[in-house]
Amino acid sequence: MYKVSGNVMYITAENAYLNVKQEALQFCVDGIVKRTVPPHDVSQIIVLRPSTTLSVYAMKFCAENQISVHYISEYGYYQGCFKGAFYGSNVLLRRAQYLMVNTTKATEYVRCELYGKFKNSIWYLKDMSYHSLYKDEIHDILVQLRSFFIQLSEATSIAEMRGIEGIFSTTYFSAFDYLIKSQKDDFSFDKRTRRPPENKFNALLSFFYTLLTTMMDSALLCVGLDDECGFLHLFRAGRYSLACDLVEEFRFLVDKFVIKCVNLNKVKPSDFVENNGEIKLTKDGSKKMRQAWSDYLDEEKVVHGFHEKKMSLRVLFYEQARYLAKYVRGDIPEYPVYVMKG
């Protein structure tokens, strides 16, 4: 419905309405008052549902109390924000971000990010192996993947870590064909291909990795970081390099979602079209899968190990961007990468 974490209010309920009563924000759903929130309890509102409405009085109240309001589309696109005339600037945070480039602090952030990616990828394969007919094959791949932790810990540069990550990913993807249990002829997986995807499974991965990157980009914009100034991913005009960085620890969620959709026949060969050698979802297929992804983000609940709070994936992404901002700013000594337990 909504969640307040670290003075940030996330609105996830349909048909939510914010008004003002007795010098406090009044949160309503379908005309029923759910809670009244005093201004000192919230500094930022992130609207994650297009059906949410703020009254004129609520907007004025937010402006007067320096509460920023950020609007995100259902599929994670950043639509804009509302800030009062005296709202503070993020210039100091961005200055710290630029100064962090090519420093030991950036190297350690990348190491944490890749540690999270490796840990989560291994957790996912291990979890899937329990119900697979190819336990031995997956076990052999897991043994190889665990060896990369030593290489990651001994790496002395970001360039070296990029190389390690590339080999890790190739090894990780080699297990995917063992995880596909349904529609094997249509969704077989040999290797990861991108531009363009060479088969339906790769097309799905590319589609949802893009959606995930869009969500991360929106989260970074909300916290005030420069989305184009990354550390793991090199600067490139028009690329949201920092969003690409933040995606790494969460890629396994896309993998889990895509494989589940294939195995449960939620996506079918008829949902794809080939055009000039490029395979992609049809218009109807895209709409259907976007909705399934949106539902997944709301329904899947996880616990963030840094503060042991249960939240939806949709909220988790924004919380992680906040922690990255805290690390860049120097509020915390180490970036608390998200890792699955178990």
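It should be emphasised that the depicted structure is a prediction, and the values quoted were computed from it without experimental measurement.

The next point concerns the pattern of salt bridges. Going through the model one piece at a time under the given rule, you end up with 13 salt bridges. A salt bridge links Lys 117 to Glu 165; the shortest N-O distance between them is 2.4 Å. Highlighted residues: Lys 117 in helix H3 (residues 104-129) and Glu 165 in helix H6 (residues 158-173), separated in sequence by 48 residues. Two residues, Glu 248 and Arg 251, come together in a salt bridge whose shortest N-O distance is 3.1 Å. Note on Glu 248: relative accessible area 4%, which makes it buried. In this structure, a network of salt bridges that share partners links the residues Glu 14, Arg 49, Asp 298 and Arg 314.

Taken as a whole and assessed by the stated rule, the structure comprises 28 aromatic pairs. When the ring of Phe 118 is compared with that of Phe 148, the centres are 6.5 Å apart and the planes differ by 70°; the resulting orientation is edge-to-face. Of the two residues, Phe 118 is situated in helix H3 and Phe 148 in helix H5 (residues 148-154); the sequence distance between them amounts to 30 residues. Comparing Phe 118 with Phe 148, the two get one shared label, buried. Arranged with centres 5.8 Å apart and planes meeting at 65°, the rings of Phe 187 and Phe 272 form a pair that is edge-to-face. Of the two residues, Phe 187 sits in the loop between helix H7 (176-179) and helix H8 (200-223) while Phe 272 sits in strand S10 (residues 272-275), which places them 85 residues apart along the sequence. A relative accessible area of 0% places Phe 187 in the buried class. Take Phe 272: its relative accessible area is 10%, and that puts it in the buried class.

What counts and how
Residues numbered from 1 in each chain as written. Predicted model: local features only at pLDDT ≥ 70, side-chain atom pairs only at ≥ 80, totals over all residues. Heavy atoms only, no water. Salt bridge = Lys/Arg side-chain N within 4 Å of Asp/Glu carboxyl O. Helix = DSSP H or I, 4+ residues; strand = E, 2+ residues; numbered from the N terminus. Buried < 20%, exposed > 50% of the residue type's maximum accessible area, 1.4 Å probe, protein only. Phe/Tyr/Trp six-rings, centres within 6.5 Å; stacked < 30°, edge-to-face > 60°.

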